[in-house]
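Observations on the model geometry
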Amino acid sequence: DLDGAVDAYQKGLDLHPNDPDLLNNLARVYSERQDFEAAGPIYAQLVRDWPNNSDYLSNLGIVQWVLGDYKAAYQTGLKVIQMDPRHPGGYVVVGQILHASGKVDEAREVYQEGLRQNPDHQELRALLASTNG
């Protein structure tokens, strides 16, 4: 029950307003509910407060992408790749933005690099295949 989860995390945040696990879980539940407008500010807060966490940064990039802020999502994805080259999220976001903008060869290169870092990542494999790579 996603509504129950939201309520539980919000009650937890009433007691511990800056708890990164509670904030991240709440944002994840909002994302599962497709409420990216609610998830985005939470991920932005997590990135502000814990700037060296590539998971938070990657999740922010995904939300930016879903909300259509492609420039911000692209920049965020690049930061994820720079911060943690083994994190697949940056490659997924950057590659999809390049692919959607017609830069298929560049997207293919991004997916290939992501797979060099994460050889078993199925989403990157599928995205690479979508470029006929």
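Provided above is the structure to which this section pertains.
Being a predicted model, the structure only gives us computed values, none of them experimental.

1. A closer look at the overall build of the protein
Within the protein, the regular secondary structure consists of eight helices and zero strands. Taken over the C-alpha trace, the protein has a radius of gyration of 16 Å; the compact-globule value for 133 residues is 14 Å, and the two agree within 12%. Its C-alpha atoms give the protein principal-axis dimensions of roughly 50 × 30 × 25 Å. When burial is assessed residue by residue, the protein has 41% of its 133 residues classed as buried. Here the analysis covers contacts within the protein between residues at least 6 apart in sequence; of these, 39% occur between residues at least 24 apart. For the protein, the accessible surface area stands at approximately 7,300 Å², while carbon and sulfur atoms represent 49% of it. Put simply, the protein has 11 plus and 19 minus side-chain charges, and the middle of one group is 6 Å from the middle of the other.

2. Digging into unusual backbone geometry
In this model, Gln34 sits at a positive phi of 65°, which is unusual for a non-glycine residue. Here Gln34 lies in the loop between helix H2 (20-32) and helix H3 (36-49).

3. Digging into the pattern of salt bridges
A pair can form between side chains of opposite charge whenever their charged atoms are brought close. Taken as a whole, this structure holds three salt bridges when the rule is applied. For Arg33, the salt bridge is made with Asp3, and the minimal N-O distance between the two is 2.9 Å. Taken together, the residues Arg33 in the loop between H2 and H3 and Asp3 in helix H1 (residues 2-15) connect sequence positions 30 residues apart. Between Arg108 and Asp105 there is a salt bridge, and its shortest N-O distance comes to 2.8 Å. With a gap of three residues between them, Arg108 and Asp105 both fall in helix H7 (residues 104-117), about one helical turn apart. Look at Asp105 and you get exposed, because its relative accessible area is 51%.

4. Section: the packing of helix H6 (residues 88-100) against helix H8 (residues 122-130)
Running from N to C, H6 and H8 cross one another at 20°; their axes reach a closest spacing of 10 Å. When the interaxial angle is binned, H6 and H8 end up roughly parallel. Between H6 and H8 lies a crossing whose hand is left-handed. Touching Pro88, Tyr91, Val92, Gln96 and His99 of H6 are Glu123, Leu124, Leu127 and Ser130, all from H8. Classifying every residue of the contact of H6 with H8 gives five nonpolar, three polar and one charged.

The rules behind each value
- Residues numbered from 1 in each chain as written.
- Predicted model: local features only at pLDDT ≥ 70, side-chain atom pairs only at ≥ 80, totals over all residues.
- Heavy atoms only, no water.
- Helix = DSSP H or I, 4+ residues; strand = E, 2+ residues; numbered from the N terminus.
- Rg over C-alpha atoms; globule rule 2.2 N^0.38 Å.
- Buried < 20%, exposed > 50% of the residue type's maximum accessible area, 1.4 Å probe, protein only.
- Contact = heavy atoms within 4.5 Å.
- Areas by Shrake-Rupley, 256 points an atom, 1.4 Å probe, with all protein chains shown as cover.
- Lys, Arg positive; Asp, Glu negative; His and termini not counted.
- Charge placed at Lys NZ, Arg CZ, Asp CG, Glu CD.
- Salt bridge = Lys/Arg side-chain N within 4 Å of Asp/Glu carboxyl O.
- Axes fitted to C-alpha atoms, helices over the stretch in contact; angles between N-to-C directions.
- Parallel < 35°, antiparallel > 145°, perpendicular 65-115°, else oblique.
- Left-handed = near helix turned anticlockwise from the far one by under 90°.
- Nonpolar A, V, L, I, M, F, W, Y, C, P; charged D, E, K, R; others polar.

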